[in-house]
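# Chains, contacts and geometry: an overview
Residue-level listing of the chains:
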Amino acid sequence: MRIAVCIKQVPDTESRLRVRADGTWIEEDDLPFVINESDEYALEEGIALAEKTGGEVVVFTVGPARAAEALRKALALGAARAVHLADAAFQRGDASSTGAALAAAVAREECSLVFTGSSSDDLSYGATGTVLASALGWPHAWLVMGFSLEEGGTSCRVVREMESGKNELLRIHLPAVIEVQAGINHPRYASLKGIMAAKKKPIVEVGPGDLGLDPSAVGAAGAAVELLGVHAPSAGGGAQILPGDPATAAKALVDKLRNEARVI
Amino acid sequence: MATAKVWAILQQRDGELHRQSRETVAAAQELATLVGGTVDAVLLGSGIAPLAATLAGQWAVERVLHADHAALATYTPGAYATALAPAIREEAPAYVLFPHTYQSVEYFPRVAQQVGGAIVSAVGSFRLADGAIQWTRPVLGGKLQADVRVKATSGGATLASIQPGAVSADRLRAGSGVAAALPTTALDSWKPDREILGVESAAKEEVDLSKADIIVAAGRGVGGADKMGVIQALAEALGAEIGASRPVIDNGWLPRDRQIGSSGQTVAPKLYVAAGISGAIQHLVGMKGASCIVAINKDPNAPIFAIARYGIVGDLHEVLPALTAAVKEAKG
């Protein structure tokens, strides 16, 4: 069984983010980049399944040259090889153009199952994996918190999160796209052996032509949605910040809670 | 140019409208006012024609369109997309608004892919700018907001999901329209590719946080299961229940029945102390109904401060013990 895992390299949102002077996006120069959180869980799910079934994982990403680092990490964790949609034409797409490009890349590798994260931590459309499924004509599930392959290997059981703390149990026929939530498993750490082995594993760069795609149909050119700019959220009144050292601030807060808000 | 149609997709289960359905109709009415368009509400399901007729008598909409078919009795993304995509191709609405729910966001990108429409999810607000609708939505974990626009050259419909509370249901204008059936012939040959086996509770034991008066909630900033003591001590001093944001649960620092947010519990205590929680939208929807929110975070730009009444910027491992001591002292 050949399993595709689609990942994205994103800025570490725990780090300090600065809006660029022109307001179009954030300063990326000194920013640490990591594998998107839910994609790490997708990788673990795919690699664990490949180990169990004797299959292989092919990892895919759309991203500039720096994204090769994320692919190398995926290879160190146990993926067999990587496909990098690194061509400039693929970059800065929206969910539609990126999902379509990934679908073409996955179809070319003849995978029968795709794992990916439910949402990216940067643009957070939560839609790319679903577009990918639709473009392939495959069923999918989003916000998946449990996965197992059924006997015979032609269908899988999926636990999908619903709202209000409920889960839906599903059977989905393969091929399918499974969009996982963070928390579905416990992602492994790369071993030294894995890191060494990854150095010899192939990362293949593909361009639009390799996938039979018109460069104007992918990336920013093929996107329907354009990003105009980013800004800090408008503080809805905002919190009254209590200044001073922890003891001073804590005393002031308790006073406010007792005498102003009257909640304790 | 023909008048732009704005569609509001309603979400229902067993004939009960999801609470965000009315907000979505209100959003569609406001959007239609901006673009000079008309509003249609759209209801998918089985045996929902009477509900569509009732709603058509209540709301200021042109039509309540309903796709009524046995294949839509229970939601699956494949059947819903198969019902909606041909309707969008036929009727050519300029905008199709969905409630931003786990259900809608699971299937609407599939519809968009099938009709060549643009995808804009998690919309918090929208406005008219330079003759086009500009959508504002959170990015980078809610630390920033992005303004996006659908290119004039894109041609297709814009499919957007509207966050809970973005437009209040109180703004829904009453009036009346007509109910009209959408064709469902595409569903006659629809072969289900996803079978529902059951529904279960996500948490093993049920802790009901919705009745708690005071909640102390832990976030990623706590840093580990072995560091939860500061949370516990403050909760004990306040007589509070302990809750958490999603990363705390995913990391196994607390059991899942303590999760607050869109995939956990919705709470409305009189006091909510958020410690080490940055304030991603998924968490905020579960607790913004609290009467008094206190935020403690080392990042002064954390979005949680925008909705909190009081805030302390600092390391929670220093602030919480000080706060626990101050509470004990005040309570004598």
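Residues numbered from 1 in each chain as written. Chains lettered and ligands numbered in written order. Predicted model: local features only at pLDDT ≥ 70, side-chain atom pairs only at ≥ 80, totals over all residues. Heavy atoms only, no water.

Residue and element names in this part refer to chain A. Most of strand β10 (residues 176-180) sits inside the fold, with five of its five residues counted as buried. Going residue by residue along β10, you find Ala176, Ile178 and Val180 tucked away on one face and Val177 and Glu179 tucked away on the opposite face as well. Taken together, the five bridges between strand β6 (residues 113-117) and β10 define a ladder with parallel strand orientation. Note that in β10 the partner of Leu113 across the bridge is Ala176. Pairing of strand β7 (residues 140-149) with β10, which is carried by three bridges, proceeds in the parallel orientation. Along β10, the bridge assignment pairs Ala141 with Ile178. (Buried < 20%, exposed > 50% of the residue type's maximum accessible area, 1.4 Å probe, protein only. Helix = DSSP H or I, 4+ residues; strand = E, 2+ residues; numbered from the N terminus. Pairing = 2+ DSSP bridges.)

Turning next to the packing of aromatic side chains. Considering all chains together, one arrives at nine aromatic pairs over all chains under this definition. Geometrically, the ring pair formed by Tyr80 of chain B and Tyr107 of chain B is edge-to-face, given 5.2 Å between the ring centres and 80° between the ring planes. Here the residue Tyr80 of chain B occupies a position in helix α3 (residues 77-91), and Tyr107 of chain B occupies one in helix α4 (residues 102-115), the gap between them amounting to 27 residues. Across this residue pair, the class does not change: Tyr80 of chain B and Tyr107 of chain B are buried. Among the aromatic residues, those joined into a cluster by ring pairs are Tyr75, Tyr80, Phe98, Tyr107 and Phe108 of chain B. Just above the ring of Phe33 of chain A sits the side chain of Arg66 of chain A; from NZ or CZ to the centre is 3.8 Å. Above the face of the Tyr125 of chain A ring, Arg137 of chain B is positioned so that its terminal group lies 3.7 Å from the ring centre. (Phe/Tyr/Trp six-rings, centres within 6.5 Å; stacked < 30°, edge-to-face > 60°. Lys NZ or Arg CZ within 6 Å of the ring centre and 35° of its normal.)

Right, let's get into the interface of chain A and chain B. The partner chain B presents 79 residues to the 84 residues of chain A that form the contact. Together, the buried faces of chain A and chain B total about 7000 Å²; carbon and sulfur atoms form 58% of this surface. When the area that chain A buries against chain B is broken down by residue, the three leading residues are Tyr125, Glu163 and Val263 of chain A, summing to 9%. Here chain A is connected to chain B by seven salt bridges. With a shortest N-O distance of 3.2 Å, Arg149 of chain B and Glu226 of chain A are connected by a salt bridge. At the boundary of chain A with chain B, the tally comes to 38 residue pairs in polar contact (both at pLDDT 80 or more). Per-class residue counts for the side of chain A that touches chain B are 48 nonpolar, 19 polar and 17 charged. As defined by bridge partners, strand β12 (residues 225-231) of chain A adjoins strand β10 (residues 144-150) of chain B across six bridges and the pair is classed as antiparallel. Counterpart to Val230 of chain A in the pairing with β10 of chain B is Ala146 of chain B. (Contact = heavy atoms within 4.5 Å. Buried area = accessible area lost by both parts, 1.4 Å probe. Salt bridge = Lys/Arg side-chain N within 4 Å of Asp/Glu carboxyl O. Polar contact = N/O pair within 3.5 Å; in protein donor to acceptor, adjacent residues only side chain to side chain. Nonpolar A, V, L, I, M, F, W, Y, C, P; charged D, E, K, R; others polar.)

Next up on the list: the nonpolar core. By size, the foremost hydrophobic cluster in this structure holds 82 residues, and its most contacted members are Leu84, Trp135 and Leu159 of chain B. With eight residues, α3 of chain B is the largest single contributor of residues to this core. When near neighbours in sequence (up to four residues on either side) are disregarded, Leu159 of chain B contacts Ile88, Val96, Phe98, Phe108, Val111, Ala112, Val115, Gly117, Ala118, Ile119 and Val120 of chain B. Leu257 of chain A together with Ala235, Ile249 and Trp253 of chain B belong to the second largest nonpolar core, which has 41 residues in total. (Core = buried A, V, L, I, M, F, W, Y, C linked by side-chain atoms within 4.5 Å.)

A few words on helix α3 (residues 95-108) of chain A. Residues and elements named next belong to chain A. Between its first and last C-alpha, α3 extends 20 Å over 14 residues, near the 20 Å set by a 1.5 Å rise per residue. For α3, a buried count of eleven out of 14 residues is recorded, marking the element as mostly surrounded by other parts of the structure. Ala95, Ser96, Ser97, Thr98, Gly99, Ala101, Leu102, Ala103, Ala104, Ala105 and Val106 are the residues of α3 that are buried. Positive backbone phi, at 50°, marks Glu110, one or two positions downstream of α3. (Expected span 1.5 Å × (residues − 1).)

Turning our attention to the pattern of salt bridges. What the rule picks out here adds up to 29 salt bridges over all chains. A salt bridge links Glu150 of chain A to Arg157 of chain A, with the shortest nitrogen-to-oxygen separation between them at 3.0 Å. By relative accessible area, Arg157 of chain A is classed as partly exposed at 39%. The partner of Glu91 of chain B in a salt bridge is Arg63 of chain B, with the nearest N and O atoms 2.8 Å apart. Taken together, the positions of Glu91 of chain B in helix α3 and Arg63 of chain B in strand β5 (residues 63-68) put the pair 28 residues apart, joining distant regions of the chain. Arg63 of chain B carries the same exposure label as Glu91 of chain B, and that label is buried. Salt bridges linked by common partners bring Arg2, Glu56, Arg81 and Glu109 of chain A together as one network.

Take it as geometry only, folks, not as evidence of what the structure does.
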